[in-house]
Number of protein chains: 2
Amino acid sequence: MAPVTNARVLFNEIPTGYPEPGRATVYDESKTIDVDTVALDGGILVKTLYLSVDPFLREMMQEPDEESFSPAYIIGEPIYGYGVGVAVRSENGDVKPGDNVYGLFSFQSYNILPNLDEFRIIENKHNLPLSYYVGVAGMPGKTAFMAWKEYSRSKKGEVAFVSTGAGPVGSFVIQLAKLDGMKVIGSAGSDEKVEYMKSIGADVAFNYKTTNTLEVLKKEGPLDVFWDNVGGETFEAALETARKGARFIECGMITVYNDGGKPVKNIYNIVTKSLSVNGFIVTDLEPKYSKEFYNTVPQLVASGQLKYREHVYEGLESAGEALLAVQMGTNKAKAVIKVAKDV
Amino acid sequence: MAPVTNARVLFNEIPTGYPEPGRATVYDESKTIDVDTVALDGGILVKTLYLSVDPFLREMMQEPDEESFSPAYIIGEPIYGYGVGVAVRSENGDVKPGDNVYGLFSFQSYNILPNLDEFRIIENKHNLPLSYYVGVAGMPGKTAFMAWKEYSRSKKGEVAFVSTGAGPVGSFVIQLAKLDGMKVIGSAGSDEKVEYMKSIGADVAFNYKTTNTLEVLKKEGPLDVFWDNVGGETFEAALETARKGARFIECGMITVYNDGGKPVKNIYNIVTKSLSVNGFIVTDLEPKYSKEFYNTVPQLVASGQLKYREHVYEGLESAGEALLAVQMGTNKAKAVIKVAKDV
């Protein structure tokens, strides 16, 4: 077969605010790849099927020396994130063509993996759509499931507040908190998302753009668990309305990613209310919970007990649009780029 | 015996800043008590020997409806805090005259305790000065010992930063961290206190009034454990210089007590560095660690392995001066009021 285009999404410049398509990243078709002959050196050639666009990608769009979760993107090189692909050729005995592979991929049509060290072969016993393995059955699902198990210390009848409750992490957390018998308050940025949170079980759901968060929490709290994807004023309101002994699960702070964030009030509540405030990175929790996760979550999704929804962006050329939407919260559900058809 | 003066320290007005003697509190000699005949109704008459002046007392000098550790002081009534006394008369079978009693006392010469529910008879097997039971062998000591055990997850070779490291809690924490094989950085507000921190084992000790905290931590960190008695800019500097997975033990925030405190920068580090930030109230940890504490700490002090020092204020009339000194940090060591001689 003749060489084909190996389309890529390249990091172009460090954004000062939101990552504008064509500026922060550019779509590039200048490279080709000959899938039949490209040297693998013992590795695996994987065709990308789905790429995940998650809030944390914004964190790699910075100076290489700033500390963050993961190494910063390099100007002129492809960005990377979680994805699912299919093995096209393999010189690795553990992988055969047709196997589906999950892990961190460069945003390009084809990747050559030197080994499987950081990747996982998807079994897909329950025949989920493959894209779910970058969502509810992938990193965002693990984030919700594992950190909830590790930090929530949930008790029946307690109150949980979940920010960005219509997103892939928050919507999973809402359902976990309901399974544990809690009263659940969810916030999101549109009325449609409010309806979705109610449909998955939230007892109280509100649009933070039209309703004052602090007032809702004062009325519906005090809070025993706060799932934070937001930071800023939402974090301040949760501090103010936390019950003694409350647990804060610090998953992310999207208010900080694009403008650096403002200083936070009410921190002293950590002392007076004996709060436990825990940041985490899901990869640190995987050794403890990975087996339980893959044994339970795909089955819960397949059976319909765990609700999940996606917003699919078509083609790698839509990556810039999807990246911006996720930072602004204008995507309608878990943002996934469909790079190629399931094979 | 004829009635004697039952001197008291009364809460007089809610301070807007530091608690000025004669304004926030007043010393009062208007009451008398007849120790031979006063009705005990099955309780215990205790003569106060020592009262402890701790930073958290400032927190009860506020509006009754503001949330804090303990109920607010009542205008016109005595303030309260930890103390040691001696039983003068007892109608309780568990207490005999001459027994030493530890617990929360009203700041007055004599108290009648209805029962022993919230108090403890001091055994004093190691013949410590009784005043030590409101210090290293009392609430401040328990605070250091129990929260260190619960939250530090200390490892040999790691780095601990202890704020107010010359105080009764901080100086104990420095010694615990050294026992665990850590590198210890201590901060305090005078050169004399810096010398003291070095004398009890701190590897690095500095005067935060003349040396920039952030610069010291950048040079000597990154931090694995931060013992926070301060909040504010010290907390911000610790967030900035924490290592991934660091533990913050939020004991107090004296920067907040007298002026309400400012919003705090760098909070996002909780997320990116997977920090664990824990507030606590020592009484919640007592059931788990009380036995171990009383079995080890008095012996360590008696043998000289654990260093401790006091700043004794003479007479109940010095309470106002001591309260102010502890808030301003001008006391030289653990502030204790000697109310009456050991009996």
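Residues numbered from 1 in each chain as written. Chains lettered and ligands numbered in written order. Predicted model: local features only at pLDDT ≥ 70, side-chain atom pairs only at ≥ 80, totals over all residues. Heavy atoms only, no water.

Q: Help me get a handle on the overall build of chain A, residues and values and all.
A: When its secondary structure is counted, chain A shows nine helices and 17 strands. Against the 2.2 N^0.38 benchmark of 20 Å for 343 residues, chain A shows a C-alpha radius of gyration of 20 Å, consistent with a compact globule. Taking the principal axes of the C-alpha coordinates as reference, chain A spans close to 65 × 45 × 35 Å. When the 343 residues of chain A are sorted by exposure, 59% land in the buried category. Contacts in chain A between residues far apart in sequence, at least 24 positions, make up 68% of those at least 6 positions apart. A total of about 14,300 Å² of accessible surface is found on chain A, and carbon and sulfur atoms cover 49% of it. Looking at chain A, you have 35 positive and 44 negative side-chain charges, and the mean spots of the two groups are 9 Å apart. (Helix = DSSP H or I, 4+ residues; strand = E, 2+ residues; numbered from the N terminus. Rg over C-alpha atoms; globule rule 2.2 N^0.38 Å. Buried < 20%, exposed > 50% of the residue type's maximum accessible area, 1.4 Å probe, protein only. Contact = heavy atoms within 4.5 Å. Areas by Shrake-Rupley, 256 points an atom, 1.4 Å probe, with all protein chains shown as cover. Lys, Arg positive; Asp, Glu negative; His and termini not counted. Charge placed at Lys NZ, Arg CZ, Asp CG, Glu CD.)

Q: A description of the domain arrangement of chain A should follow, citing residues and the corresponding values.
A: Residue and element names in this part refer to chain A. Domain annotation for chain A reports domain 1 (4-135 + 309-338) and domain 2 (139-283). A separation of 29 Å is found between the C-alpha centroids of domain 1 and domain 2. Of the residues lining the interface, 21 residues belong to domain 1; the matching set on domain 2 comes to 14 residues. When domain 1 packs against domain 2, the two sides together hide about 1,500 Å² of surface, and 52% of this comes from carbon and sulfur. There are one salt bridge connecting domain 1 and domain 2. (Domains from an automatic or database assignment. Buried area = accessible area lost by both parts, 1.4 Å probe. Salt bridge = Lys/Arg side-chain N within 4 Å of Asp/Glu carboxyl O.)

Q: Outline helix α3 (residues 191-199) of chain A, supporting the account with residue identities and numerical values.
A: Residue and element names in this part refer to chain A. Listed as buried for α3 are Lys193, Val194, Tyr196 and Met197. With its buried residues spanning 160 degrees around the axis, α3 presents them on a single face. Seen from the buried face of α3, the exposed residues on the opposite side, beyond 90 degrees, are Asp191 and Ser199. Elements in contact with the buried residues of α3: α2 (168-179), β11 (183-188) and β12 (204-207). Looking at the residues trailing α3, positive phi occurs at Gly201, about 120 degrees. (Arc of directions from axis to C-beta.)

Q: How would you sum up the packing of helix α4 (residues 213-220) of chain A against helix α5 (residues 232-241) of chain A? Please name residues and give values.
A: All names here are of chain A. The interhelical angle for the contact between α4 and α5, taken along N-to-C directions, is 25 degrees, at an axis separation of 9 Å. Taken together, α4 and α5 sit at an angle that is classed as roughly parallel. With respect to the hand of their crossing, α4 and α5 are arranged in right-handed fashion. Only Thr234, Ala237, Ala238, Glu240 and Thr241 of α5 make contact with α4, whose side of the interface consists of Thr213, Leu214, Leu217 and Lys218. Among the residues forming the contact of α4 with α5, the class breakdown is four nonpolar, three polar and two charged. (Axes fitted to C-alpha atoms, helices over the stretch in contact; angles between N-to-C directions. Parallel < 35°, antiparallel > 145°, perpendicular 65-115°, else oblique. Left-handed = near helix turned anticlockwise from the far one by under 90°. Nonpolar A, V, L, I, M, F, W, Y, C, P; charged D, E, K, R; others polar.)

Q: Residues and numbers for the interface of chain B and chain A, please.
A: Contacts between chain B and chain A engage 29 residues on the former and 29 residues on the latter. Interface area for chain B against chain A, summed over the two sides, is near 2,400 Å², with a carbon-plus-sulfur share of 64%. On the chain B side of the contact with chain A, Ile267, Tyr268 and Val271 of chain B bury the most area, a combined 24% of that side's loss. Linking chain B with chain A are two salt bridges. Of the charged contacts in the structure, one is a salt bridge between Lys244 of chain A and Asp284 of chain B, with a shortest N-O distance of 2.5 Å. Applying the counting criterion to the chain B and chain A interface returns 12 residue pairs in polar contact (both at pLDDT 80 or more). Going through the elements one at a time, β14 (242-250), α6 (254-257), α7 (269-272) and β15 (276-279) of chain B are the ones with two or more residues in the side of chain B that touches chain A. It is β15 of chain B that contributes the most residues to the side of chain B that touches chain A, four residues altogether. (Polar contact = N/O pair within 3.5 Å; in protein donor to acceptor, adjacent residues only side chain to side chain.)

Q: So what about the packing of helix α1 (residues 139-151) of chain B against helix α8 (residues 282-302) of chain B? Which residues, and what values?
A: All names here are of chain B. Running from amino to carboxyl end, α1 crosses α8 at an angle of 105 degrees, the nearest separation of the two axes being 9 Å. Here α8 runs roughly perpendicular to α1, going by the angle between their axes. Residue-level inspection shows Met139, Gly141, Lys142, Thr143, Phe145, Met146, Ala147, Lys149, Glu150 and Tyr151 of α1 in contact with α8, the latter providing Val282, Leu285, Glu286, Lys288, Tyr289, Ser290, Glu292, Phe293, Tyr294, Thr296 and Val297. Taken together, the residues that form the contact of α1 with α8 break down as 11 nonpolar, four polar and six charged.

Q: Which residues make up the pairing of strand β2 (residues 8-11) of chain A, and what are the values?
A: The two faces of the sheet receive side chains in turn, since in a regular strand these alternate between them. Residues and elements named next belong to chain A. Because side chains alternate across β2, one face comprises the buried residues Arg8 and Leu10, and the other comprises Val9 and Phe11, equally buried. In this structure, β2 lies alongside strand β3 (residues 25-28), joined through four bridges in antiparallel fashion. Within the sheet, the bridge partner assigned to Val9 lies in β3 and is Tyr27. (Pairing = 2+ DSSP bridges.)

Q: Break down helix α4 (residues 213-220) of chain B for me, citing the residues and quoting the values.
A: Residue and element names in this part refer to chain B. Considered for burial, the residues of α4 that qualify are Thr213, Val216, Leu217 and Glu220. The arc that holds the buried residues of α4, viewed along the axis, is 95 degrees, so those residues lie on one side. Exposed residues on α4 whose side chains face more than 90 degrees from its buried face are Glu215, Lys218 and Lys219. Its buried side turned inward, α4 meets β10 (159-162), β11 (183-188), β12 (204-207), β13 (223-228) and α5 (232-241). Of the residues flanking the start of α4, the one acting as N-cap is Asn212, its side-chain oxygen 3.0 Å from the backbone nitrogen of Leu214.

Q: Tell me about the relation of the copies chain B and chain A, and please be specific about residues and values.
A: Superposing chain B onto chain A takes a rotation of 180 degrees combined with a translation of 0.0 Å along the rotation axis, leaving an RMSD of 0.0 Å. Interpreted geometrically, this transformation is the action of a two-fold axis. Here 100% of the interface residues in chain B have copies in chain A that are interface residues too; the copies meet face to matching face. (Least-squares fit on C-alpha atoms with pLDDT ≥ 70 in both.)

Q: For the side chain of Thr234 of chain B, give the residues involved together with the corresponding values.
A: Residue and element names in this part refer to chain B. By the secondary structure assignment, Thr234 is in helix α5. Taking relative accessible area as the criterion, Thr234 reaches 14% and is therefore assigned buried. Among all residues touching Thr234, those that are not within four sequence positions of it are Phe161, Ser163, Thr213 and Phe226.

Q: Would you mind going over the pairing of β10 of chain B in detail, with residue names and values included?
A: All names here are of chain B. The side-chain alternation of β10 yields two buried faces, one formed by Val159 and Phe161 and the other by Ala160 and Val162. The parallel pair β10 and β11, bridged by helix α2 (residues 168-179), forms a crossover whose chirality is right-handed. With three bridges joining them, β10 and β13 adopt parallel strand pairing. Within β13, the position partnered with Val162 by the bridge is Trp227. (Right-handed = clockwise from strand over helix to strand, strands pointing away.)

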